[in-house]
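Chain and residue survey
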Amino acid sequence: MQTIDFSDFQKIDLRIGTIIQVENFSKARKPAYKLWIDLGDIGIKKSSAQVTALYGASDLMGKQVLCVCNFPPKQIADFMSEVLVTGFANENGEVVLSSIDFPVPNGAKLH
């Protein structure tokens, strides 16, 4: 594994946000949702997330998730994804979202 300097880590804008809207993303190549995430001071941002194997739309509403906020926007079919919602693959390759144990303010940065 390659090591990086702490200054490299600081370049990644990792913030917590609350999912406030979920829609099925029928035009995505793989099953996915369209998410709208409240990231506090930086506003509401959109993301496409391939998490349908483990999460229903109602499971995601109100969930706080960790997002990378400074990647360039990415066009996915007819949807512009503005942030990357992070997660980990389980033993079956299904994405488990990165989240937190206790609520924190939307837009809070990862330390």
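Residues numbered from 1 in each chain as written. Predicted model: local features only at pLDDT ≥ 70, side-chain atom pairs only at ≥ 80, totals over all residues. Heavy atoms only, no water.

1. Quick notes on the sheet that holds strand 3 (residues 44-49)
Adjacent strands of a sheet form backbone hydrogen bonds with each other and so pair up, either parallel or antiparallel. Pairing in this open sheet of 5 strands is antiparallel, and the strands run 3-2-1-4-7 from one edge to the other. The open sheet has two edge strands, strand 3 and strand 7 (84-85), and neither has a second partner. Taken together, the 5 bridges between strand 1 (residues 14-24) and strand 4 (residues 64-68) define a ladder with antiparallel strand orientation. Bridge pairing in strand 4 links Ile 16 to Leu 66. (Pairing = 2+ DSSP bridges. Helix = DSSP H or I, 4+ residues; strand = E, 2+ residues; numbered from the N terminus.)

2. Points about the packing of aromatic side chains
In the structure shown here, the tally under the stated rule is 3 aromatic pairs. Ring geometry for Phe 6 and Phe 9: centres 5.8 Å apart, planes at 35 degrees, overall tilted. Residue Phe 6 and its partner Phe 9 are located together in helix 1 (residues 6-10), separated by 3 residues, close to a single helical turn. Phe 9 gets classed as partly exposed once you look at its relative accessible area, which sits at 27%. Ring geometry for Trp 36 and Phe 79: centres 5.7 Å apart, planes at 75 degrees, overall edge-to-face. Taken together, the residues span a long stretch of sequence, with Trp 36 in strand 2 (residues 33-38) and Phe 79 in strand 6 (residues 79-81) at a distance of 43 residues. Grouped by ring-pair contacts, the aromatic residues Phe 25, Trp 36 and Phe 79 constitute a single cluster. If you follow Lys 46 out to its NZ or CZ, it ends over the ring of Phe 79, 5.3 Å from the centre. (Phe/Tyr/Trp six-rings, centres within 6.5 Å; stacked < 30°, edge-to-face > 60°. Buried < 20%, exposed > 50% of the residue type's maximum accessible area, 1.4 Å probe, protein only. Lys NZ or Arg CZ within 6 Å of the ring centre and 35° of its normal.)

3. Focus on the environment of Arg 29
Looking at the secondary structure, you find Arg 29 in the loop between strand 1 and strand 2. Sequence separation between Arg 29 and Asp 8 is 21 residues; the distance between their C-alpha atoms is 33 Å.

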